[in-house]
Each structure stands twice: as C-alpha cells, then as structure tokens.
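# Remarks on the overall topology
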Amino acid sequence: MRQQANFLSAVTHELKSPLASIRLFIETLELRDPPPEKRARYLANMRGDVDRLDSLVNNILAVARLDSGRFVVHADRADLGRDVADVVEALGKDASQRRLSVDLAVPAEPLLARYDLGVLKTVLRNLLDNAAKYGGNQPVHVTVARQGACAAIEVRDQGIGLAAEEREKIFEKFYRVGEEMVRQAEGTGLGLYLARELVRQLGGSITAESPGVGKGSTFRVTLPLDREVRA
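The text that follows walks through the structure, step by step, so that each part is easy to find. (Residues numbered from 1 in each chain as written. Predicted model: local features only at pLDDT ≥ 70, side-chain atom pairs only at ≥ 80, totals over all residues. Heavy atoms only, no water.)

## Description of the sheet that holds strand β5 (residues 150-157)
We count it as follows: Here a strand pair is declared whenever DSSP counts at least two bridges between the two strands. Only DSSP runs of H or I with at least four residues qualify as helices, and only runs of E with at least two residues qualify as strands; both kinds are numbered from the N terminus onward. Simply put, an axis is a line fit to the C-alpha atoms, just over the touching stretch for a helix, and the angle between two N-to-C directions goes from 0 to 180 degrees. The contact criterion used throughout is that any non-hydrogen atoms of two residues lie within 4.5 Å.
Across the sheet, five strands lie side by side as β2-β4-β5-β7-β6; this open sheet has mixed pairing. Two strands in the sheet have a free side with no partner beyond their single neighbour: β2 (102-105) and β6 (205-209). Neighbour-to-neighbour, the strand axes of the sheet open up by a mean angle of 15°, direction not taken into account. Here eight bridges tie β5 to strand β7 (residues 217-224), and the two strands are oriented antiparallel to one another. Bridging across to β7, Arg-156 finds its partner in Thr-218. Relative to β5, helix α4 (residues 117-134) is tilted by about 25°, and along the sheet it contacts β2, β4 (140-147), β5, β6 and β7.

Written as structure tokens, this is what we have:
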C-alpha cells in the first residue's frame, strides 16, 4: 500500500535527519572550541534533535503496544486544567518543538477528570505538533472547559484547514493530508492516529472540525469527569 511505503520512507527521513544534524554538531565541537554562546546553541540544537528522536520512537512503540493490546493505562483523578497548563508549559521549553505560540485558557477552579498524565502528555504533544506542521505561523489556541458530563480540551489553529472528506481520514494510521507523491510537510502519519487511540483508552473521544480548506482546524478531546463532579 502506498501509504505504508511512504510511512517507511518518512520514518527513515525522520530518523536520519536529526542523526545527521547531531553528527555534524559533534564533529564541529571536536574540531574547534567555539565561543560559549555558540556552544550553548549547538548543545540546544543537539538536545532538540535527541528529543525529536525520542518522541518519534515513543510514538512508534506506543502504536505497536496499542495494536497488540499490550498498552496499559493508569487513569487517576486529577485537575485537567492544571495538568494541561503544566504540559503545555513543559512542551514550550522542549527544544524539539517548533517555535509555536500557544494561547492557553483553563478554568479558574479545578476541573476534576480521570486520565493518565503520561497519556495526556503524548496526546497534547501530537496535537500541538500537528498544529505546528499545518497551522502556519499563527498562535494556537488551547482551551480547557467543562462540556456537560465531560471535560473538553480544544486545540484550534489558523492553518490549512480540512476538507469535509478528510475529517475522519486524518485519524487513520499512516494517513497524511495532501497528495501522497507531492506532500511537503514532514511527519509519519501516526500522530493523530495515536492521539485517537490513546483518548479511546481513557474512555474519551476526539474529533476534528474545520470550516474548510484554508480556514483552520479545531481538535476537540473529551474525557470523562470524575464521578463526584458529574453528580
């Protein structure tokens, strides 16, 4: 299948590109002793490449565990607004993330839901990574709020948007927006698939909405509220 062949090609590129960058920086540091500010920049770039590799490998391993039924979720009662804010802040300091401006809005009061914090972090990383790839250079809006009997996280970008027929396809394994043979954006086609499957493991759901091509996209994750909150 063409998507699977392109996945292998994309993974090869996603692995080789940061490795080549790390090798170049190491060789540069071995050949000369750069000024402190340049050394710091080299090290930051190398850390970013390592984080990028780590994220890719973790995604592939998580998909393998999900597909084999070996993925284990430990859902606990926690404040979703606080944890989303902490995760977004941590990802903002992650050197592997693009220069992504995030406008965050969370409830003033605790919004208690049940989820696995590690899973939540992976879901948010993949949604923000998707926004970085396809959202243009505009700020991404992340909102946490109660919606009926659920807690909801919305990630809204102002990028390329989605055609109506792509709103479900984008969650399929290996699927990437655009023509297979002329695609420009990097990626493996696993991020949104993984986000959907992980949210399902938490008993929630994820949807994508868009007014149309060129008009941005909104991804909405819903998670069950804690029983005491629903009562």
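## Looking at α4
Put simply, the rule is: Helix span is expected to be 1.5 Å times the residue number reduced by one. For every residue, the accessible area obtained with a 1.4 Å probe (protein chains only) is divided by the maximum for its type, and the residue is called buried under 20%, exposed over 50%, and partly exposed between those limits. Any N or O atom pair separated by 3.5 Å or less is treated as a polar contact, with the protein-specific requirement of one donor-capable and one acceptor-capable atom, and with residues adjacent in sequence counted only for side-chain atom pairs.
The terminal C-alpha atoms of α4 lie 26 Å apart, and with 18 residues this matches the ideal 26 Å at 1.5 Å per residue to within 8%. In terms of burial, α4 is largely enclosed, as 13 of its 18 residues are buried. The N-terminus of α4 is capped by Asp-116, whose side-chain oxygen sits 2.9 Å from the backbone nitrogen of Gly-118.

## Notes on the pairing of β5
The element β5 is extensively covered by neighbouring structure, given that six of its eight residues are classed as buried. Summarising the sheet, β4 and β5 pair through seven bridges and their orientation is antiparallel. Each bridged residue has a counterpart across the sheet, and for His-141 the counterpart in β5 is Arg-156. Between β4 and β5, which pair antiparallel one after the other, the connecting turn spans two residues, and Gly-148 there sits at a positive phi close to 65°.

## Some points on the pairing of β7
Across the eight residues of β7, seven count as buried, placing the element largely inside the fold. Sheet topology note: the β6/β7 ladder contains five bridges and is antiparallel. Across the sheet, residue Ile-206 finds its bridge partner in β7, namely Val-221.

## Some thoughts on the packing of α4 against helix α5 (residues 191-201)
To keep things clear, this is the line we draw: Should an angle fall under 35 degrees it is taken as roughly parallel, and over 145 as roughly antiparallel, whereas 65 to 115 is taken as roughly perpendicular and any remaining angle as oblique. Crossing handedness is read from the near helix: turned anticlockwise from the far helix by less than a right angle, it gives a left-handed crossing, and turned clockwise, a right-handed one.
Where α4 contacts α5, the axes come no closer than 9 Å and their chain directions differ by 150°. With respect to α5, the element α4 is oriented roughly antiparallel. In the packing of α4 onto α5, the handedness of the crossing is left-handed. Taking contact as the criterion, the partners of Val-119, Thr-122, Val-123, Asn-126, Leu-127 and Asn-130 in α4 are, on α5, Gly-191, Leu-192, Leu-194, Ala-195, Leu-198 and Val-199.

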